[in-house]
Amino acid sequence: MNGTAPIRVLVDRKIFPAVGDRDAQLVLKDVSFEVAPRSFLVITGPSGCGKSTLLNIIAGLDNNYEGKVDLGPASDRLAFIFQTPRLLPWRTVYENIALALPDSDPRQAKIPAMLESVGLGHSMNAYPERLSLGMQRRAALARGFILEPEILLMDEPFVSLDDPTAASLRSLLTELWHTHPTTVIFVTHDRTEAIQLGTRILRLAPGKASVVQDASINLTEEQRHDRAAILAEQNRIFAA
Amino acid sequence: MAPISTRISSTPRLLAAPSGFTASLERLFWMAGSLLALALLWQLIAIYAESRYLPTPLTVFDVLWREGASGDLWKHTSATLVRVAIAFIVSMIIGTSIGLFLGRYRTADKFFDAWLILFLNLPALVTITLCYIWFGLTDAAAITAVALNKIPNVAVNMREGARSLSKDLDEMALVYKFGWWKTLRHVTLPQLAPFFAASARSGLALVWKIVLVVEAFGRSSGVGYRLSIAFQEFDVSTILAYALAFILIVQIIEFTVLQPLQSRVNTWRR
């Protein structure tokens, strides 16, 4: 059975080489953690602390580091939802989702239902650039979840949206995560978002280049809809 | 009372966005009118000049008709078209390959950039004469000469295209395991399509003009050859007749092949 082994991440050193007159920069140092199957890990920290770099390393997009990432047997069921939707503008929404699957994959049949569930049932044949950013992000979510991934990596997928749109996408994500349980590693700089979504939080700090806090988030499903409860948990964790 | 259709068609909304058919009909109307005016002007000047070196449009059409009837027009234009087609395809393929290669490999680009500039600035006349001298007065030499003139243009264009390929989309294709074929077809080529379409359109215009020069220099068939004979006889009517025929053919290719191709690759744009 897939998804029973934890993900093991060990980054001894990650350096951005010197470019032009900018010196080489140590981005990550001795970052080591495991992620339990079906958990929702949030990695947070201010801009420039190496969150996205860490995620790219886990995804296998960045191999230029010292260390080792072991995704376990689930490594071939990995989806990545990027900071920008990264849809192919010259393919329709439907085609964009379909391309993420092999041509004769049985999951192809589930695309219409998936698009329906993210609220894009009427925009299947639209080109992405004709949709709002919020809708494009919904399409990106659908592309990630259609894989029925064992590992789902998300890099600030809800930035530059207005509050109501971001909130509706967050509840959509929670809904999808409950219907398609998967291990999530979610990067964000938004503390409230981190507390509302995650089951565990890792904090990175700039300068330190490493993990400064590793805490579990103790909220019930009801409390995740309660602003006061989220705020209390946020204060508890970030005061530490 | 005005008929209903008139009133509807005079609403601002419809005026602002005429249907595609009406718009192209209107464009055709303007084009035909403007060309007719040019022909009329030409006719007036020719009548006034009364010179055998400036025939009237009617005389030119008469020559065109005779050349068409004798089969000469078809023989020469088809010979030229075959050369244009081969030279066009060869230079698009080679130019695209070179452009993509240089756009992707920075060291190669640094090294070959100077070569590209050299070939870009080499006069057509030089490549043509050298090709004929080195390879003889053959069709292969003629087509090589034309291609050598066009390849640097295509390469420079496609290099820009390759440089502007999105790294973001490449990563997306990698994460979602597109594989090389799906990546090429759905990620890379669509990004290059506008550059390719632009190269093709400017390419056709350049290639057919150079093919005429090549034919005038060292071939015994084709529009260029026919023009060089007409030049020896100072036969202006024939020169104009063939020029008109060829402009017409190139415009037909432009409207029926290249423009639809370009608008097809752009349907997804907002």
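Computed from a prediction, not measured in an experiment: that's the story for all the values here. (Residues numbered from 1 in each chain as written. Chains lettered and ligands numbered in written order. Predicted model: local features only at pLDDT ≥ 70, side-chain atom pairs only at ≥ 80, totals over all residues. Heavy atoms only, no water.)

**What to know about the domain arrangement of chain A**
How big an interface is tends to be stated in terms of the accessible area lost upon association of its parts.
Residues and elements named next belong to chain A.
Then step 1. Taken domain by domain, chain A consists of domain 1 (7-77 + 149-238) and domain 2 (87-148).
Then step 2. Domain 1 and domain 2 are separated by 24 Å when their C-alpha centres are compared.
Then step 3. Of all residues in domain 1, Pro149, Leu172 and Leu176 give up the largest surface area on contact with domain 2, accounting jointly for 35% of the area buried on that side.
Then step 4. Viewed at the interface, domain 2 and domain 1 are joined by one salt bridge.
Then step 5. Note that Arg77 and Glu148 form a salt bridge whose closest N and O atoms lie 4.0 Å from each other.
Then step 6. Across the contact surface, domain 1 and domain 2 share five residue pairs in polar contact (both at pLDDT 80 or more). (Domains from an automatic or database assignment. Buried area = accessible area lost by both parts, 1.4 Å probe. Salt bridge = Lys/Arg side-chain N within 4 Å of Asp/Glu carboxyl O. Polar contact = N/O pair within 3.5 Å; in protein donor to acceptor, adjacent residues only side chain to side chain.)

**Notes on the layout of surface pockets**
Then step 1. Volume-wise, the largest pocket comes out at about 720 Å³.
Then step 2. In terms of lining residues, the largest pocket is bounded by 22 residues, among which Leu35, Phe61, Leu244, Ile247 and Leu248 of chain B are the most central.
Then step 3. The set of elements that each furnish at least two residues to the lining of the largest pocket consists of helix H3 (20-49), helix H4 (57-70) and helix H12 (236-265) of chain B.
Then step 4. Take the lining of the largest pocket: its biggest share by element is ten residues, from H12 of chain B.
Then step 5. Looking at side-chain class alone, the lining of the largest pocket contains 19 nonpolar, two polar and one charged residues.
Then step 6. Roughly 350 Å³ of volume is contained in the second largest pocket.
Then step 7. Lining the second largest pocket are 16 residues, with Arg170, Thr192, Gln196, Arg227 and Ile230 of chain A positioned closest to its centre.
Then step 8. Counting residues per element, the ones that place at least two in the lining of the second largest pocket are helix H5 (163-179), helix H6 (191-197) and helix H7 (227-239) of chain A.
Then step 9. The leading source of residues in the lining of the second largest pocket is H5 of chain A, at five residues. (1 Å grid on protein atoms, 1.4 Å probe; cavity = no way out; pocket = protein on both sides within 12 Å on 5 of 7 lines; lining within 4 Å. Points joined across faces, edges and corners; volume = space filled by probe spheres on them. Helix = DSSP H or I, 4+ residues; strand = E, 2+ residues; numbered from the N terminus. Nonpolar A, V, L, I, M, F, W, Y, C, P; charged D, E, K, R; others polar.)

**Notes on the nonpolar core**
Then step 1. Residues Phe33, Leu54 and Leu141 of chain A together with Tyr176 of chain B are the most contacted members of the largest nonpolar core, which totals 88 residues.
Then step 2. Each of domain 1 (7-77 + 149-238) and domain 2 (87-148) of chain A contributes no fewer than three residues to this core.
Then step 3. Ignoring anything within four residues of it in the chain, the contact list for Phe33 of chain A reads Ile7, Arg8, Val9, Leu41, Ile43, Leu54, Ile58, Arg200 and Leu202 of chain A.
Then step 4. Core analysis: the next-biggest nonpolar cluster, separate from the first, contains 36 residues, Val84, Ala141, Val214 and Val250 of chain B among them. (Core = buried A, V, L, I, M, F, W, Y, C linked by side-chain atoms within 4.5 Å. Buried < 20%, exposed > 50% of the residue type's maximum accessible area, 1.4 Å probe, protein only. Contact = heavy atoms within 4.5 Å.)

**Digging into the packing of helix H7 (residues 124-135) of chain B against helix H10 (residues 179-218) of chain B**
All names here are of chain B.
Then step 1. With their axes 11 Å apart at the nearest point, H7 and H10 run at an angle of 40 degrees to one another. As summarised for this structure, H7 and H10 are arranged oblique, according to the angle between their axes. Classified by chirality, the crossing of H10 by H7 is right-handed. Residue-level inspection shows Leu125, Ile128, Thr129 and Tyr132 of H7 in contact with H10, the latter providing Ile210, Val213, Val214, Phe217 and Gly218.
Then step 2. Residues belonging to the contact of H7 with H10 are distributed by class as follows: seven nonpolar, two polar and no charged. (Axes fitted to C-alpha atoms, helices over the stretch in contact; angles between N-to-C directions. Parallel < 35°, antiparallel > 145°, perpendicular 65-115°, else oblique. Left-handed = near helix turned anticlockwise from the far one by under 90°.)

**Describing the sheet that holds strand E2 (residues 25-35) of chain A**
Strands in a sheet are paired, the pairing made by backbone hydrogen bonds, and the direction either parallel or antiparallel.
Residue and element names in this part refer to chain A.
Then step 1. The strand order across the open sheet formed by three strands is E2-E1-E4, and the pairing between neighbours is antiparallel. Every other strand in the sheet has two partners, leaving E2 and strand E4 (66-70) as the edge strands with one partner each. Averaged over all adjacent pairs, the angle separating strand axes in this sheet is 15 degrees, with direction ignored.
Then step 2. Note that strand E1 (residues 7-16) and E4 share five bridges and pair antiparallel. Paired with Val9 across the two strands is Val69, which belongs to E4.
Then step 3. On top of the sheet, helix H1 (residues 51-59) reaches E1, E2 and E4; it is set at about 125 degrees to E1, its chief contact. (Pairing = 2+ DSSP bridges.)

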